[in-house]
Amino acid sequence: MIRIPYGISNYEKLINDGCYYVDRTSYIALLEKLGEPYLFLVRPRRFGKSLFVSTLQYYYGLEYKDKFQQLFGKYYIGQHPTPLANSYLVLSLSFSGVHTDTPELTLAGFLRNVKFGVQALMANHPTLFTAEDWEEVNHQQMPSDVISFLLTLIKKKEIGDKIYVLIDEYDHFANELLAFDFSNFKNIVSKNGYVRKFYETLKEGTHTGIIDRMFITGVTPITLDSLTSGFNIASKLTTDVRFNELFGFTEEEVVAVLKGVEMPADEIPSTMQELAFWYNGYLFNKKAKRSIYNPDMVLYFAKEYMVNGSFPDELLDTNIASDYRKIRNLFKINDKEEDNLSIIKQLLIEERVTAQLTREYSFERAWTSDDLISLLFYQGILTISGEKLGRLIFEVPNAVITQLYFQYFQQITLEQANLIDKDLKVYDKIEALAQDNNIQPLMDLTQDIISHLATQDRAHFNELTFKAIFTSLFYTTQIFKIYSELEVRKSPTEKGRVDLLILERQPWQLPHQFVFELKYIAKRDLKRWATIKKGAIAQLKAYLAHDEQLRKIANLQAYVLLFSNKKAEAVLIT
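What counts, and where the lines are drawn
- Residues numbered from 1 in each chain as written.
- Predicted model: local features only at pLDDT ≥ 70, side-chain atom pairs only at ≥ 80, totals over all residues.
- Heavy atoms only, no water.
- Helix = DSSP H or I, 4+ residues; strand = E, 2+ residues; numbered from the N terminus.
- Rg over C-alpha atoms; globule rule 2.2 N^0.38 Å.
- Buried < 20%, exposed > 50% of the residue type's maximum accessible area, 1.4 Å probe, protein only.
- Contact = heavy atoms within 4.5 Å.
- Areas by Shrake-Rupley, 256 points an atom, 1.4 Å probe, with all protein chains shown as cover.
- Lys, Arg positive; Asp, Glu negative; His and termini not counted.
- Charge placed at Lys NZ, Arg CZ, Asp CG, Glu CD.
- 1 Å grid on protein atoms, 1.4 Å probe; cavity = no way out; pocket = protein on both sides within 12 Å on 5 of 7 lines; lining within 4 Å.
- Points joined across faces, edges and corners; volume = space filled by probe spheres on them.
- Nonpolar A, V, L, I, M, F, W, Y, C, P; charged D, E, K, R; others polar.
- Salt bridge = Lys/Arg side-chain N within 4 Å of Asp/Glu carboxyl O.
- Core = buried A, V, L, I, M, F, W, Y, C linked by side-chain atoms within 4.5 Å.
- Expected span 1.5 Å × (residues − 1).
- Pairing = 2+ DSSP bridges.
- Axes fitted to C-alpha atoms, helices over the stretch in contact; angles between N-to-C directions.
- Phe/Tyr/Trp six-rings, centres within 6.5 Å; stacked < 30°, edge-to-face > 60°.
- Lys NZ or Arg CZ within 6 Å of the ring centre and 35° of its normal.

To continue, consider the overall build of the protein chain. From N to C terminus, the protein chain includes 26 helices and 13 strands. The C-alpha atoms of the protein chain give 27 Å as radius of gyration, which agrees with the globular expectation for 574 residues (25 Å, within 12%). By principal-axis analysis of the C-alpha atoms, the protein chain measures approximately 90 × 55 × 45 Å. Residues classed as buried in the protein chain amount to 57% of the 574 residues present. At a minimum sequence separation of 6, the contacts of the protein chain that also span at least 24 residues come to 71%. Summing over all exposed atoms, the protein chain offers an accessible surface of approximately 24800 Å²; the carbon and sulfur share of this is 47%. In the protein chain, 65 positive and 72 negative side-chain charges are present, and the distance between their average locations comes to 6 Å.

Written out as structure tokens, the structure reads:
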């Protein structure tokens, strides 16, 4: 039985504790061979960035030279060491935990983290620094001054060793400011801002030769782009196809994890189908050959399975959920939330959008839908699935992220309708359907939401909005596998798309599963209600008759649902 390294981001601790480790050390050699000393790579949250930064620290740090064999001996880089192994003073910085409630707190937190990194370097080399040096670091009042003092100190002491700068979560605090305090964000990255001054000082350190290499990682490129010439020396590797698999797990690696927690061999194929549905789907280059699983989600699943011997009730770790629920912040950037709802609706129903990937952000020009879609890609809330006429096709990567979209959309919808979630008792309505095939409570709830929204915003309410609202209600229970617009066969030679397929998921077993054909009938078409109903019934019957996948589903209840602003009807197909 392997030891799951869940939540461990310190490489030495992971190795010394005998935890399971997916060897990524070959990428150290690849990075070194690039010939580009200042590197920048962003990936979504919880993808293993901090562990890799820690790995670099132990590999390049002078102070760990005697531990090289212990830490790396059985891995790729231990058997193929590079010329630069254990040859640097490593300055490792992280900007997590910086509070953004006020500009003063943000500066204080940024300064604290810079001092902490510099003091850690000094502590790792105690013979090089005096008590006076420590005191001088503590006296500095600006982050750039801390770095400037360190560089001056090392040059003065003529140590001869160069610095490798590692920066993890470089934009952690800045992402918060983008949504809640945009003016503060612009101030700190502007020409006189302290974040810009900090990176300008690092850039000066490369000019003097004291800083020899840098590796910077975070979640989005926006902060670095906003620094413009203040830090324009970094080579961007985010969409480099060679690094598609640097962070995350491949299918083979997930199988190895399942074997490691002693899952029976006959369970692994079906489990992999489930995990692919929930956790897989990330591509960071259109030419990448295979998609990536979110590693934190996989390790969470493995940990829960190891304890209980079965699927966890919750497929999304609460730690990850708290990160991704910040999705709403992204849509609020530049106060554009209302404008961005159309993108959300398209993603929820069609599950794809096209856009030109924004490779460099600038707030000196208008914020566009391409900018938002690109930001969602960098955050791991969209992924690349193809290309069309020079524009990339983006999709929601997996069911976990789809679930978060729908929860966000439902939150917005209920706010617009002046309805309160807890008063609606959504779970009770879904349970009545799932357990007793009683659809009326759900029909009444949906009609109530539609009526409220249609009254307030008739101009923007359409079939797309209706389908998104109805689908979102099922995501509150987290007991279903939900397929929207699933391709099915409607005749021996033709295919179509069923609006909504609701299936049970492990570990739950339900007496009913559902397929829905949904119709929203605008006021101008109310006279055609009977005709539209007849066509929808015929279409759903054709799917049920000709699609083998649907025919195999046990206890499948098939419904045609018709809604208008003031009327609703459910037809059970028998």
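Our next topic: the environment of Ile4. Note on placement: Ile4 falls in the segment before α1 (11-16). Taking C-alpha positions, Ile4 is 9.0 Å from Gly260, a pair spaced 256 residues apart along the chain.

In this approach the atoms are scanned with a rolling probe the size of a water molecule, which exposes any empty space left behind. Here the largest pocket defines a volume of roughly 730 Å³. Taken together, 31 residues form the lining of the largest pocket, with Arg46, Phe47, Gly48, Lys49 and Asp296 sitting closest to its centre. For the lining of the largest pocket, the secondary structure elements donating two or more residues are α3 (49-60), α15 (295-308) and α16 (318-324). Sort the elements by how many residues they give to the lining of the largest pocket and α3 lands first, with five residues. Residues that form the lining of the largest pocket fall into these classes: 16 nonpolar, eight polar and seven charged. Space inside the second largest pocket adds up to approximately 600 Å³. Around the second largest pocket, the lining is made up of 19 residues, and of these Glu350, Glu351, Glu395, Ser484 and Glu485 lie nearest the centre. Of all the secondary-structure elements, those providing two or more residues to the lining of the second largest pocket are α14 (268-279), α18 (337-350), α20 (399-416) and β9 (480-489). Examining the composition of the lining of the second largest pocket, we find that five residues originate from one element, β9, more than from any other. Partitioned by chemical class, the residues of the lining of the second largest pocket number ten nonpolar, three polar and six charged.

This part takes up the pattern of salt bridges. All told, the structure shown has 23 salt bridges when counted by the stated rule. Among the ionic pairs, Arg352 bridges to Glu395, the shortest N-O distance being 2.4 Å. Here Glu395 lies in strand β8 (residues 391-395) and Arg352 lies in strand β6 (residues 352-355), a separation of 43 residues in the sequence. A residue is classified by how much of its surface remains accessible, and Arg352, at 39% relative accessible area, is partly exposed. Residue classification places Glu395 among the partly exposed residues on the basis of a relative accessible area of 23%. Taking the shortest distance from any N to any O, the salt bridge between Lys467 and Glu463 comes out at 3.8 Å. Taken as a pair, Lys467 and Glu463 lie in helix α24 (residues 463-474) at a separation of four residues, close to a single helical turn. We classify Lys467 as buried; its relative accessible area is 11%. Several salt bridges converge on common partners, so that one network encompasses Glu463, Lys467, Glu485 and Asp499.

What follows concerns the nonpolar core. Formed by 189 residues in total, the largest nonpolar core has its most connected members in Tyr199, Tyr279, Tyr405, Phe474 and Phe516. The dominant element in this core, judged by the number of residues it contributes, is α20, at ten residues. Core analysis: the second largest hydrophobic core is formed by 21 residues, Leu486, Val488, Val515 and Ile553 among them.

When the terminal C-alpha atoms of helix α6 (residues 103-124) are compared, their 32 Å separation across 22 residues agrees well with the 32 Å that a helix rising 1.5 Å per residue should span. Among the residues making up α6, those that are buried are Thr106, Gly109, Phe110, Leu111, Asn113, Val114, Lys115, Gly117, Val118, Gln119, Leu121 and Met122. Against β2 (89-94), α7 (131-139), α8 (143-157), α9 (172-180), α10 (182-189) and α11 (194-208) lie the buried residues of α6.

Time to look at the sheet that holds strand β13 (residues 568-573). Strand order in the open sheet formed by five strands is β9-β10-β11-β12-β13, and the pairing between neighbours is mixed. Among the strands making up the open sheet, the edge pair consists of β9 and β13. Averaged over all pairs of adjacent strands, the angle between their axes in this sheet comes to 30°, without regard to strand direction. Where β9 meets strand β10 (residues 495-504), nine bridges bridge the pair, whose relative direction is antiparallel. Within β10, the position partnered with Arg489 by the bridge is Lys495. The strands touched by α24 within the sheet are β9, β10, β11 (513-520) and β12 (556-563), with β11 carrying the most contacts at an inclination of about 155°.

What follows deals with the packing of aromatic side chains. Across all of its chains, the model carries 45 aromatic pairs by this definition. Seen in terms of ring centroids, Tyr59 and Phe68 are 5.9 Å apart; in terms of plane orientation they differ by 50°. Their pairing is tilted. Under the relative-accessibility criterion, Tyr59 is labelled buried at 0%. A relative accessible area of 14% means that Phe68 is categorised as buried. Aromatic ring contacts, followed pair by pair, group Tyr11, Tyr21, Tyr58, Tyr59, Tyr60, Tyr64, Phe68, Phe72, Tyr75, Tyr88 and Tyr164 into a single cluster. A cation sits over an aromatic face here: Arg43 above Phe284, 3.9 Å from the ring centre.

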